[in-house]
Each structure stands twice: as structure tokens, then as C-alpha cells.
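Chain by chain, the residues run as shown.
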Amino acid sequence: MMTIHQKVKLKIIFKFILIFLSFIPGLNCQTSQNINILFINEVGNDIAQKAFEVAIGYIKKNPNLGLSVEYTLVEGNRTDSKGLLESICTTYAANLQDNKKPHVIFDTTKTGVSSETVKSISAALGIPTISASYGQDGDLRQWRELPEKKKAFLLQVNPPADLLTEVVRSIVIYMNITNAAILYDDSFVVDHKYKALLQNIPTRHVITAVAPNKQAISEQITKLRNLDINNYFILGKIESVKLVLESAKKEYFERNFAWHAITQAKQDLTANIENATVMFIRPSPDGKSKDRLGTMRTTYNLKYEPEIESAFYFDLALRTFLSVKQILQVGAWPPNMKYLTCDEFDGTNSPDHTIDLKSYFVESTELPTYAPFEFGKGNVPFNGYSFMKFEADINAVTIRGGASVSTKLLGTWTAGLNNELKIAAVEEMKNMTADIVYRVYTVVQPPFIIRDESAPKGFRGYCIDLIDAIAEIVKFDYEIKEVEDQKFGSMNEKGEWNGVVRKLIDKQADIGLGSMSVMAERETVIDFTVPYYDLVGITIMMVLPSSPSSLFKFLTVLETNVWLCILAAYFFTSFLMWIFDRYSPYSYQNNREKYVDDDEKREFTLKECLWFCMTSLTPQGGGEAPKNLSGRLVAATWWLFGFIIIASYTANLAAFLTVSRLDTPIESLDDLAKQYKVLYAPINGSSAMTYFERMADIERRFYEIWKDMSLNDSLSPVERSKLAVWDYPVSDKYTKMWQAMREAGLPNTLEEAVARVRNSTSSAGFAFLGDATDIRYQVLTSCDLQMVGEEFSRKPYALAVQQGSPLKDQFNNAILQLLNKRQLEKFKERWWKKDDISAKCEKPEDQSDGISIQNIGGVFIVIFVGIGMACITLAFEFWYYKLRKTPKIISNDEYNKFSKPGDMATMKNNISFGSGGLIDPSGNNLKSRNPPANNFRARF
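It should be emphasised that the depicted structure is a prediction, and the values quoted were computed from it without experimental measurement.

Thresholds, definitions, all that
Residues numbered from 1 in each chain as written. Predicted model: local features only at pLDDT ≥ 70, side-chain atom pairs only at ≥ 80, totals over all residues. Heavy atoms only, no water. Axes fitted to C-alpha atoms, helices over the stretch in contact; angles between N-to-C directions. Helix = DSSP H or I, 4+ residues; strand = E, 2+ residues; numbered from the N terminus. Parallel < 35°, antiparallel > 145°, perpendicular 65-115°, else oblique. Left-handed = near helix turned anticlockwise from the far one by under 90°. Contact = heavy atoms within 4.5 Å. Nonpolar A, V, L, I, M, F, W, Y, C, P; charged D, E, K, R; others polar. Buried < 20%, exposed > 50% of the residue type's maximum accessible area, 1.4 Å probe, protein only. Pairing = 2+ DSSP bridges. Right-handed = clockwise from strand over helix to strand, strands pointing away. Core = buried A, V, L, I, M, F, W, Y, C linked by side-chain atoms within 4.5 Å. Patch = residues over 30% accessible without salt bridge, like charges linked within 9 Å, V, L, I, M, F, W, Y side chains within 5 Å. Areas by Shrake-Rupley, 256 points an atom, 1.4 Å probe, with all protein chains shown as cover. Salt bridge = Lys/Arg side-chain N within 4 Å of Asp/Glu carboxyl O.

(A) Spatial organisation of the packing of helix α14 (residues 462-474) against helix α26 (residues 807-820). One can describe the packing of α14 onto α26 by two numbers: an axis separation of 9 Å at closest approach and a directional angle of 110 degrees. Relative to α26, α14 is oriented roughly perpendicular. Handedness of the crossing formed by α14 with α26: right-handed. Across the interface between the two elements, Leu-466, Ile-467, Ala-469, Ile-470, Ile-473 and Val-474 of α14 pack against Gln-810, Phe-811, Ala-814, Ile-815, Gln-817 and Leu-818 of α26. Tallied by class, the residues present in the contact of α14 with α26 amount to ten nonpolar, two polar and no charged.

Laid out in C-alpha cells, this is it:
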């Protein structure tokens, strides 16, 4: 057996001999070496067969290669291993019988059981094989643990499509992509890469074949989007790439999506889409090989697409032929090589010959047609790490209106495993990334979420400030929407969820935002972050009790008929007193001579009687009483009547103003449960509803347990007697409350609940049971609502994410950072304690407060009315006095005319006397500054 050193020396000597003989004139040294090839191809891999045939034609047209190739073709289906096995064994046996022993198997099966069948036969029968199957070291199961001798002649070289898939890994690493969908057509094989392609990279990814038609592709992309994927890689022919792009909806080309098209074709990318920028990756031939590639296309008709694939199969076949030729020519081929048929192989008699095909294959000097080959060396295995080392251009293709308007070269990528991208346009490359935009669903509930069209996202509130702060830490953007049913999520009897929880389960939302309570049943289907808000319980909201205020409230102490009776008694007593004083022989007006020396002389006319009765009801008193006994009895009776009326009025006024402020019928949940006038209910589908429903269900279960125990015949009489009680041992408080809630009707929204509360009273109407934060905010921003009782069933608020989402840990860290910086307290201060949020309400009346001006202000109006009437009376008096009591000055002659007594009385009514003389009724002064001697001043 020759050593490797001896083989190399023999090869060099052989080359020198050929060179020397070529310079001898007239000597034809181009001897033709015959080799036999068993060509095994996969059905559908036509390009491999055509490239192989071109390689045969190339050898025939170049006799200087000194090579003659005969081959036998065997085709098999990828999934029919049995049929392929029989076909190979039959063909192989026929070749041996015809003395056409194959020197090598040229295997172009791609993957699957057909490829493994070929590997199994070649390894078992010891036939040198060059395989172009897909897969890295370990993917070829039948060649995993080959002996060293067989490793030298059982060789695999990865096709370009197998290496081009690795660019996905390089892009994901370079751009730090966290999610990806990889779609491929039949021009790529990625069955073996489901685990290995993005192994040890924290990227959620889905690898799937492209659907068969446009409608199916559209549904496929929608499903992938629902899996929270916004980075898409399309591996396939140009036609497949175009079909996928045209099947995607318009919104899938927005800034939060990234599209990558990877193909072996050399055509430009076009698609009938309105506006999109796609990263387009395609291989390009080596600069040194472009001339040879052109020659192959024009001279040898190597025009099959994809160009890189046909060139690969051509170079692989040609290199195989030349390697076998060299082995044969240098005598390194075993002279008596043992060939076994499939029937002769028993599992233990595999040929043990030495053929160093690998060395000659690697050292072949034939020029590459597209790009040079690179082979595994040293500690790197040959199989799985040998490939055509081509370069792929990375372009940014902008499509507008169905046409490619610009193509920008971003960089290149060299084929290999774990090769990095070579980026020239760094900034443009950054623009190709999909912005991290999370889908947020929420429920509007102030102050956590407030709808505001002027806000950047259309919403503002405590939770908006929170998510913005988290976004600055975690570095992402978001789009926020309301759920259609305005519910956070509850489960029905069928186990189906609604609201925000449903969106998270269906992968239609990434984050659930709002005042969402952490509940055990919710945690079975979604994940919650650490709480961002204090424990919040359920409490009661009712309308604020208020007594109607009136300026004349002091008049409402007595009923109207009582006031009318008092007025009637006042007028009747005044009239009666006037009658008694007029007709009593002992009254003052009938005994003036008797009371002539008295200091107080009072004649009780009707006017004076009215005044006396009025002033008798005041602390001032009525003044001098009548002189006659009958009049005094009437006055005393009136005094007694007035004393009783005033005392009763004063006492009732104080009680009336106090009792109106003591109306507090409900102060706790127990008070609410014990009464029936006020209806009550939580929001339908809320956590409060779930609480009461479950408490009622627990009470029912406890009752069933107690009943089963009480009616258990297996218990002894003593044990049963211990269960016999007169009182009901299990509380039915929540059962009755839940029944009352269902009868009252559960409001569907918070707005509906608040409206029902406002339309009620504190003693009859509606009370709302809900989260304390919602109720506290309603009370803060309204002046007609109040929060009643203590909180119960306290639970924290947290952000909701999909189950298993990596956002949970990221958000937890961000919330803890905000908590340590006291940022959450600042948010609470902003949305709960700012003056611009709270309503400017008047201070409600308290038992310790005095009587308000709204209830006693009528007294001041009475004063102003009295003063006004007094002013009007004064003016009338002045006018009356001026008009009816004006004096008149007359002359002596005129006086003589009135000398008679009757005439004198007439004159008294027509003249007046003044210090300046006589004045006539018209006001003219009849006395001159120096009056005549015959004038005089009349006096009466």
C-alpha cells in the first residue's frame, strides 16, 4: 500500500512525463482515459442532469483532456426509497455484468429518503461517491460515522442553495432581529435547517413552505403576523418572491415590517405593489470566472437557470471526472477493486479498499465556471463544509407602483457558515430593519386611559405615561387600539375569553394595557408583569345625598294652611280688640275724663289694634294694653297664642335644618346587602362581576357539601345529629347579592353605570360596585357622586403580555427601574392630585357646620323688602303732606269776607299763614317785603 507521500511523488513524476512527451514532435500523447459513472439523480432536478450532460459534451469537445466518460442514469423519487433502491441495485448489477464497473457514483439527489438510500448503498458497497446533497455534518445520517478509509472516497459538496440559506442567519445576527418567518419554495431545501439555521440565536422564527396560491399565501402571512412576526424572508425563484409580495396586504409594508428576498436567479426584482422597500439578495459570479462563464453559455450551451446552480453541477461533474482520471493514470486506483452487488452484501462484508479520491478532488486545477470551491481542511470535516465560495450582493430595492424605481447596493456576503455581512452603506442598512412596534390593546377608563385625539397616540393617561417610560428603557414603539367590546377579559361557561385577553391569546396583541387586575384564571392563558399600581379593591359608588336649599326655607317649617290660620287669627283678634275697645264703657275712648291724668293715653282704633297684635309677637312687645278688662283678656289670649306659635316654630326650624343633613342610609357592603330599595350591580364582564359570581358559586358549593353531609345515610345517628342545626350554617350573603345584581341588570360600560347612579337618589335608586380607582376618579371629577364603604377583594394592576412572551422579563426590569426612581409616584401625583383634574365643588354641608345662607337668606330679603316699603311710604307721606296741608296768605279785605263763622271754616281750608305773609293755594307769596298797613296775619 502506497503512502500519501509516495502518491504525491508519483503524481508529480506523471505530470513531468506528460509535459516532456508533449514537446516531442509528431508524438500524440493525448491518451484517452475511460471512466464509468453511475449518475443518480432526483426526479425534478433537471438542471443537474442538463449540467451533467454539458460536462460530458465539454469533455468530448476538448480531447486534450484525454478523457472519455460513459455513464448510466438512475432517477428516483425523493420519497420512494424502495423503488430507488431496486433501481440502483438493478442498474449497478447490470453494469458489473457488462464489465462497466462504475468508478464513481455521481449523486445529485437533494435530500430525503432518496438521498439517504444512495448514501447507504455507496457506504455499504464501498463505491466512491461525489454527492451534491443538502446538509451539514451530521445531516447525512448514513455517512455520520464513516471509517477513515471511506471518508477519503465518500464525499459531499453542498450546492449553492444550501449555502445561500445561511445568509438569513448572518442578517438576523447583524440586524439583531428577534422574530422571523422564513418562507421557501421548491428551489430551496431547508428541511434539515429547522433547528440549525438560527440555533443559539434568541430569535423566534417559523420556517415554512410557500403556500400554493395567492389566497393561501395571504392567509399564511396573516397567520404569521398573528404570531407576532414582522420580519419576513422569502427564499425562492423570482416568481415565488413576486407572488408572496403581491399576496401580502398593504399594511404589511409599513415601517414595522421588513421584507428580505433571497434568490439564486439573476433577474431584477419587480412586483405589483404600491410602495415597498425590499432587501434583495442574489449571488454574483466571481470576477475571474465571468469570461469562462460566458464561454460556457455561448459555446457549450450552459444556459440553464439558475445560472449559479447549473455552473455548480457542471464544475462538480467536471472536477469528478478529472479527479478519477488522475487517480487512474497515476495508478492510485486499486488494481483488483472488489465490487459487490446488493444481493451479495450481508452487512459485514463491505469492501475495505483505499481510494484517496478526496486528495485528487481537492487538487483539481480546472478553472471554476462561476466561483471557486472551498473544502473542509484540517480539523474541519470535508462533508458538510465543502461548497462553492460565491459572493451575494445585498441590495435595497424600492418598488413604486409595480415597478422597481431604485436599487441601492448595501453590501455583500460571502458564502459560508457563520460568515458576517460586509456592509458598505451602514445608514441605509439601518433603515432596512423593521421598527419594533408592538400592538397594544386597551380599554378606555380614566385616568388610566383617556381618549384624546390631540395626543400623539390618540390617548393619554396614567398608563400612557407608563408605557412611554417603558418604551424609552426597552427601546420600542407601539400602536394602540381599543378592544371592540371594551372589556379586559372574562371567561364564559365554554372556557372562551373575550376582550383584551382574547386578543393576547389569538396573538393579535402584544401588550394589554390599562387598569387590568391580576387574576388567577387570566394567568392560565396570559402572563402578567410585576404590578405597577397599589392593591386596588372593589368599593361602592352612590349619588351624593343633598337636601334642597331655599332662601325661604324658614317658611317651609310650617305648612301653608298653618300660616293661613295664623294670619286669620291675627286679623280676627285685631278686629275683635277694636270692637271691644269701641263699645266697652271702660275703654279709654269712652272715658277720656277718667284717664286725663294718665301718662299713656292710647285709643285702640282698628289701625292701632293691628299694630298692637303684630308687635306683640316680637321681643319689642305690643306696648300699652287696653284699659277695659275685656280688651285685656283678648290681648292676653293673643299673647299666649303668640308664645306657643313662636316656641313651636323655633324648635321645628332647628330640627328641620338638622335632619336634612343626617341622610346616610348605606355605609358598607353589608348595609347594601340588607336593604332592597337601592339596586346595585357591577359592570358586565368586569373583575368585580367575576368576584360576586364566584363568591355566590362558592356559597352554593359549600351548601351542597353541607347538605350531602347532612343527608348522608352512612353516618351514624350521633354524627348526623352533630350536623342538625336550626340556623343555616353557610352564609348566603353573596348568593342573594348576585341574584339581586342580575335582577337589577348589569351595566355594560362605566358610562352607563355612572348615568344610572346619577339618575338615582341616596335612599332609592342605583349603586355601582367597581374598582376603587375608577370610582375614586369619578368622585374626584364630579360633585354629585360619593364613594361608600371600605375596599374589599384587593388585587394589583399589571401589564398583560402573551404567554411565554420575552416582553415579560423586559417589562419587569423596566417597571422596577421606574419604581426605584419614584417615577410611578410622579405619574400618580399627576393624574390624581392635580387641580386641573379635580372638579371645583362646593363644600358639602356637615353636621358641625352652621346654617348656610342658601337656607336662611330669605330673612335678609324680608329686611330689604321692609326697608323698601318704608321708603315708599315715606315718599307717599311727604307727597300727601305737601299736597293737602299747604298754608295760604290773604289780605284784610279777603279776611273780612270770612268774618262769619261758616265762612271762617271755609277759609281755614283754603289759606295758610306763614312768617312771610299770606300764601295762596298756588304757592304765591302775597306779602311784600314791606307790607301795606292794611295787611295783617290771621291766626286761628
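Anyway, onward from the coordinates.
(B) Representation of the pairing of strand β8 (residues 231-235) within the structure. Where burial is concerned, most of β8 is hidden: five out of the five residues are buried. Sheet analysis places strand β6 (residues 179-184) next to β8, joined by four bridges and oriented parallel. The residue of β8 that forms the bridge with Tyr-184 is Leu-235. Two elements, β8 and strand β9 (residues 258-262), share five bridges in a ladder whose sense is parallel. Bridge pairing links Tyr-232 to Trp-259 in β9. In this fold, β8 hands off to helix α9 (residues 238-247), which returns the chain to β9; that crossover is right-handed.

(C) Representation of the nonpolar core. Ile-171, Phe-233, Phe-314, Phe-321, Leu-357, Phe-390 and Trp-413 are the most contacted members of the largest nonpolar core, which totals 111 residues. At 13 residues, the largest contribution of residues to this core is made by helix α11 (residues 307-329). Sequence-distant contacts of Phe-321, defined by excluding residues within four places in its chain, comprise Ile-35, Ile-37, Phe-52, Ala-55, Ile-56, Ile-59, Leu-67 and Val-69.

(D) Geometry of a nonpolar patch on the surface. A cluster of nonpolar side chains, Ile-698, Phe-702, Ile-705 and Met-709, forms an exposed patch at the surface whose accessible area comes to about 370 Å². Within the element layout of this structure, Ile-698 appears in helix α21 (residues 687-710). A relative accessible area of 37% means that Ile-698 is categorised as partly exposed.

(E) Main features of the sheet that holds strand β1 (residues 33-42). The five strands are arranged β2-β1-β3-β4-β5 in an open sheet whose pairing can be described as parallel. Taken across any chain shown, the strands that pair with only one partner, and hence form the sheet edges, are β2 (67-76) and β5 (154-156). Pairwise comparison of adjacent strand axes, ignoring direction, gives a mean angle of 20 degrees for this sheet. Where β1 and β2 come together, ten bridges link them in parallel fashion. Counted as the bridge partner of Phe-39 is Leu-73 from β2. Sheet strands touched by helix α3 (residues 81-97): β1 and β2. Its angle to β2, the strand with the most contacts, is close to 150 degrees. Contacts between helix α4 (residues 112-125) and the sheet are confined to β1, β3 (104-107), β4 (129-131) and β5, with β3 contributing the most and set at about 170 degrees to the helix.

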